[in-house]
Amino acid sequence: AARVNLAVGNVKDVVRQAGKILMEHPKHVETLQVRAQAHLLNANFTQAMADVKAALQHDPDSSTVQTSFRTHLSVQRNVTDARKAVPGKQCEKAVSLYTTAIADCEPLSIKTELYRLLHAERAEANLALGDYDAVLADTNLALAGSKMYTVAWISRVKAYQSLQRYSDIRLELEPIINVVGANCDFLRTAFDEAKTESKPGGPAEEKAKPENNNDNNNNSPAGRPPKPPSQRVDYYALFGVKNVATEEEIRKQYRLKARECHPDRFMSSRFSEKERKEAEERFKNLGEGLELLCDPYRRSLYDSGVDIESVRQKGNAADRRAAAEEKE
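Below is a short write-up of the structure. (Residues numbered from 1 in each chain as written. Predicted model: local features only at pLDDT ≥ 70, side-chain atom pairs only at ≥ 80, totals over all residues. Heavy atoms only, no water.)

Focus: the nonpolar core
- Leu 114, Leu 118 and Leu 173 are the most contacted members of the largest nonpolar core, which totals 47 residues.
- Among the elements that line this core, the one with the most residues is helix 7 (residues 113–129), at eight residues.
- The residues contacting Leu 118, other than those within four sequence positions of it, are Val 79, Tyr 98, Ala 101, Ile 102 and Leu 108.
- Membership of the second largest hydrophobic core comes to 26 residues, among which are Val 241, Ala 279, Leu 290 and Leu 293. (Core = buried A, V, L, I, M, F, W, Y, C linked by side-chain atoms within 4.5 Å. Buried < 20%, exposed > 50% of the residue type's maximum accessible area, 1.4 Å probe, protein only. Helix = DSSP H or I, 4+ residues; strand = E, 2+ residues; numbered from the N terminus. Contact = heavy atoms within 4.5 Å.)

Quick notes on the pattern of salt bridges
- What the rule picks out here adds up to 15 salt bridges.
- Salt-bridge contacts for Arg 83 lead to Glu 121; the nearest nitrogen and oxygen are separated by 3.0 Å. In this pair, Arg 83 sits in helix 5 (residues 63–85) while Glu 121 sits in helix 7, placing the two residues 38 residues apart along the sequence.
- Of the residues examined, Arg 83 reaches a relative accessible area of 38% and is grouped as partly exposed.
- Residue Glu 113 is joined to Arg 116 by a salt bridge in which the shortest nitrogen-to-oxygen separation is 3.3 Å. Of this pair, Glu 113 and Arg 116 both sit in helix 7, three residues apart, which is roughly one turn of the helix.
- Exposure remark for Glu 113: the relative accessible area of 22% places this residue in the partly exposed category.
- Given a relative accessible area of 12%, Arg 116 falls into the buried group. (Salt bridge = Lys/Arg side-chain N within 4 Å of Asp/Glu carboxyl O.)

Notes on the packing of aromatic side chains
- Applying the stated criterion to the full structure yields three aromatic pairs.
- Note on Tyr 236 and Tyr 302: the rings are 5.9 Å apart at their centroids and 50 degrees apart in plane angle, and the pair reads as tilted. Remark: Tyr 302 occurs in helix 17 (residues 296–303) and Tyr 236 occurs in helix 14 (residues 235–239); sequence separation between them is 66 residues. Here the two residues Tyr 236 and Tyr 302 agree in accessibility, since each one is buried.
- An angle of 45 degrees between the planes, with centres 6.4 Å apart, marks the rings of Phe 239 and Tyr 254 as tilted. With Phe 239 in helix 14 and Tyr 254 in helix 15 (residues 247–261), this pair connects stretches of sequence that are 15 residues apart. The same class applies to Phe 239 as to Tyr 254, namely buried. (Phe/Tyr/Trp six-rings, centres within 6.5 Å; stacked < 30°, edge-to-face > 60°.)

Dropping the structure here:
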């Protein structure tokens with residue numbers, strides 16, 4: 001029962017259950033391990049390490065306990081080093097350390113304090129780097145477990161301010177500002193300013209107005225027409241699922257949709273060239289959508305409104321960092 005509770009993020013129940021068992025059997029190694037994991041998921045690194053060390057002391061030859069000890073030590077060190085790196089202007093290093101810590105803890109329930117903390121603190125490092133898309137992606141993940149996580153809101157609002165997306169601040173904070181703003185002057189002030197900035201004719205709108213240079217109202221360099229915005233495929237609509245669909249549901253729909261538009265089905269002469277090309281395009285988009293929606297980081301970027309090309313670039317960069325870390 002304790003391990004089931006851990007899997008779904010009911011950390012407090014696990015600590016309570018394990019405590020009762022350890023009162024009668026203080027050297028019960030498995031229970032010490034379970035409680036250590038619960039403390040880790042609650043971001044209580046000191047107590048987690050104390051329990052896992054006790055388990056190792058009682059059963060030093062256990063490979064399971066040894067692995068657990070290494071994991072706890074790695075996560076604690078990475079978080080500690082990341083927190084030191086941010087004030088030291090080594091924010092890229094901090095992002096890498098937080099990413100490693102998250103990977104070490106997988107699978108990690110969104111209901112746990114550790115999940116929220118790691119993503120919220122990585123967002124702070126990305127904020128210092130000016131990577132606002134990554135900030136929005138990480139805070140989106142942190143807030144998925146708790147909409148009242150103030151630390152994540154602060155980074156999210158700062159990113160929106162840098163992007164001059166004041167209407168997003170107003171729309172997202174409006175339902176909860178009385179709660180999250182009660183003990184945070186920054187969020188309250190930012191919300192009040194966003195209401196002014198996002199009004200029709202407000203400062204933000206005035207800043208956004210193009211200057212009239214009497215060049216046929218064309219403000220693009222050398223008279224060239226401005227680039228159109230990146231076309232954004234609605235992958236959820238393509239798969240026929242809601243944006244809260246699980247990976248299993250998405251993969252199931254992929255198999256169904258991919259069979260429908262597989263290029264081999266359109267080789268017959270009864271299909272026109274246009275129909276074949278449309279099927280190929282749908283099949284290609286399904287493959288790209290499967291890769292994106294089944295990767296938590298890429299999906300969080302996509303859900304935050306990041307354009308497809310940026311999602312690819314950031315996702316590939318994260319993959320390269322992970323691969324480099326594995327080699328080390």
